[in-house]
Amino acid sequence: MLSKDTVAFLCANGGQLLDAAYPEVLGDAVRVPIPCASRLDVVHVLRAVEQGARRVLVVACPAGNCRSMVGPDEAERRLHRAAALLREAGSHAQCILARAAANAPEDLRSTLAASLEDAANQIEEAPA
Amino acid sequence: MIVADRKPLDEILEMVGDANRILVSACNTCVTVCLAGGRREAAVLASQIRIHAQEAGRTVEVRENCLERHCDAEFLAELAGELEWADVMVSTACGVGVNLASEVYPSARIIPGLNTSFFGATDAPGRWLEMCGGCGDCVLHRTGGICPIVRCAKSILNGPCGGSQDGKCEVDPDTTCAWQEIIDRLALQGRSAELEAVEPVKDWGTSHSGGRRRRIVDEVFQAEGEGEA
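## So, the overall build of chain A
Helix and strand content of chain A: four helices and four strands. Against the compact-globule benchmark of 14 Å for 128 residues, chain A has a radius of gyration of 14 Å, which places it among compact chains. In terms of overall dimensions, chain A has a C-alpha envelope of 45 × 25 × 25 Å along the principal axes. A sequence separation of at least 24 residues applies to 69% of the contacts in chain A between residues at least 6 apart. Here chain A displays about 6,600 Å² of accessible surface, and carbon together with sulfur accounts for 50% of that area. A distance of 8 Å separates the average location of the 13 positive side-chain charges in chain A from that of its 16 negative side-chain charges.

## Side note on the environment of B:T206
All names here are of chain B. Within the secondary structure, T206 is located in the segment after helix 8 (178-188). Given the relative accessible area of 28%, T206 is considered partly exposed. The sequence separation of T206 and E14 amounts to 192 residues, and the corresponding C-alpha distance is 37 Å. Beyond its immediate stretch of four places on either side in the chain, T206 contacts C135, G136, D137 and R213.

## What about the interface of chain B and chain A?
Taken together, the contacts link 15 residues of chain B with 15 residues of chain A. For the pairing of chain B and chain A, the buried interface totals around 1,200 Å² over both sides, and the portion due to carbon and sulfur atoms is 51%. We note a salt bridge from B:R50 to A:E50, for which the minimum N-O separation is 3.1 Å. Scanning the region where chain B abuts chain A turns up 10 residue pairs in polar contact (both at pLDDT 80 or more). For the side of chain B that touches chain A, the elements supplying multiple residues, two or more each, are helix 1 (9-16) and helix 3 (39-55) of chain B. Per-element accounting of the side of chain B that touches chain A gives the leading share, 10 residues, to helix 3 of chain B. In the side of chain B that touches chain A, the residues fall into five nonpolar, four polar and six charged.

## Overview of the domain arrangement of chain B
Each assigned domain of chain B is listed with its residue range as follows: domain 1 (2-118) and domain 2 (133-210). Taking only C-alpha atoms, the centre of domain 1 of chain B and the centre of domain 2 of chain B are 37 Å apart.

## Some remarks on unusual backbone geometry
All names here are of chain B. Looking along the chain, the bond that leaves G159 and enters P160 is cis, with omega of 0°. Structurally, the position occupied by P160 is in the loop between helix 7 (148-151) and helix 8. One non-glycine residue with positive phi stands out, namely S155, at about 55°. Looking at where S155 falls in the secondary structure, it is placed in the loop between helix 7 and helix 8. Non-glycine residue D166 carries a positive phi angle of around 50°. Assignment of secondary structure puts D166 in the loop between helix 7 and helix 8. Here D166 falls in the exposed class, since its relative accessible area comes to 79%.

## A closer look at the nonpolar core
Residues A:V58, B:V16, B:I22, B:V24, B:I49 and B:V90 are the most contacted members of the largest nonpolar core, which totals 45 residues. Sort the elements by how many residues they give to this core and helix 3 of chain B lands first, with eight residues. Apart from the residues lying within four places of it in its own chain, the contact partners of B:V24 are B:A42, B:L45, B:A46, B:I49, B:V62, B:R63, B:E64, B:N65, B:V90 and B:T92. Within the second largest apolar cluster, 14 residues are counted, among which are A:V25, A:L26, A:A29 and A:A100.

## So, the sheet that holds strand 6 (residues 114-124) of chain B
Residues and elements named next belong to chain B. Reading across from one edge, 1-6-7 is the order of the three strands in this open sheet, with antiparallel pairing throughout. Two strands in the sheet have a free side with no partner beyond their single neighbour: strand 1 (2-6) and strand 7 (127-132). On average, each strand axis in the sheet is inclined to that of its neighbour by 70°, with strand direction left out of account. Across five bridges, the pairing between strand 1 and strand 6 is antiparallel. Bridging from a neighbouring strand, D5 pairs with N115 of strand 6.

Quick notes on the rules
Residues numbered from 1 in each chain as written. Chains lettered and ligands numbered in written order. Predicted model: local features only at pLDDT ≥ 70, side-chain atom pairs only at ≥ 80, totals over all residues. Heavy atoms only, no water. Helix = DSSP H or I, 4+ residues; strand = E, 2+ residues; numbered from the N terminus. Rg over C-alpha atoms; globule rule 2.2 N^0.38 Å. Contact = heavy atoms within 4.5 Å. Areas by Shrake-Rupley, 256 points an atom, 1.4 Å probe, with all protein chains shown as cover. Lys, Arg positive; Asp, Glu negative; His and termini not counted. Charge placed at Lys NZ, Arg CZ, Asp CG, Glu CD. Buried < 20%, exposed > 50% of the residue type's maximum accessible area, 1.4 Å probe, protein only. Buried area = accessible area lost by both parts, 1.4 Å probe. Salt bridge = Lys/Arg side-chain N within 4 Å of Asp/Glu carboxyl O. Polar contact = N/O pair within 3.5 Å; in protein donor to acceptor, adjacent residues only side chain to side chain. Nonpolar A, V, L, I, M, F, W, Y, C, P; charged D, E, K, R; others polar. Domains from an automatic or database assignment. Core = buried A, V, L, I, M, F, W, Y, C linked by side-chain atoms within 4.5 Å. Pairing = 2+ DSSP bridges. Axes fitted to C-alpha atoms, helices over the stretch in contact; angles between N-to-C directions.

Here it is in structure tokens:
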């Protein structure tokens, strides 16, 4: 279950529709609607962390499923850049890109489960 | 345009030190185009500084602004109020902007957020290439518009050198030999015979080697005191 320290950027053509049909998947995450995942800016991610997010999730369409063709790829590049900038600033906030169609909540659930497990492992591995 | 790279955050933070009120000032011209120091990049830097402070349990106030350009004093006038407030200003303008702002506001602590790199052009989205060395004695008419000063690793004026192999530079096999490009360009223009002419030894006194350069347009320039009633 996601809590309010997760900010989820949701594509209008995928993530927002998925969330409307299966709101339990994102739980209490703070939803930010965007017209397409390609509209995500590095600054959006940094601002979210600045305002207290410990996890930033972008729900984009699966490959080949994007109305704007390259939305998820653009989002992935920017999210990687944002993650690098966050690390440079000393933040451990997690950046997650989920590719899930509006009718495929299981894809989102499995991405989230894997990411949360990764984060838990990283916390365990971190030196005291 | 002037092409620059942002400095690593650690370096910027070291310069900022324990300042609590930080102004990040962007420039809306060259460094905006090369995605190094425009409004958006200043927002990223300001956000990183805030996040770093939060992680360190410190409280800092960071403001951002963007001037049309930092290389003309009249635009820098906008900084006056902000510099009254700020302990330090991180400029994401090029080195020209940092110099001029420091001259206009000599008591303000103004630090560079960028490493100013070269005069270049956009080669592809997200990639810029050096095109001109600003040597003050242009030879592009002789080289088909290809600058041997910056595009040849040895700045050779009568090339190519012996290190050019299969059209590639010996310094980097992925880099095309500038003189190969010059030869190809002149051939394309039917000017290959011009390659026989020898370019004389260059007077580097017109370049930076001759000290600080200045340019004066007589009909516009007024020396201090001139033109006063």
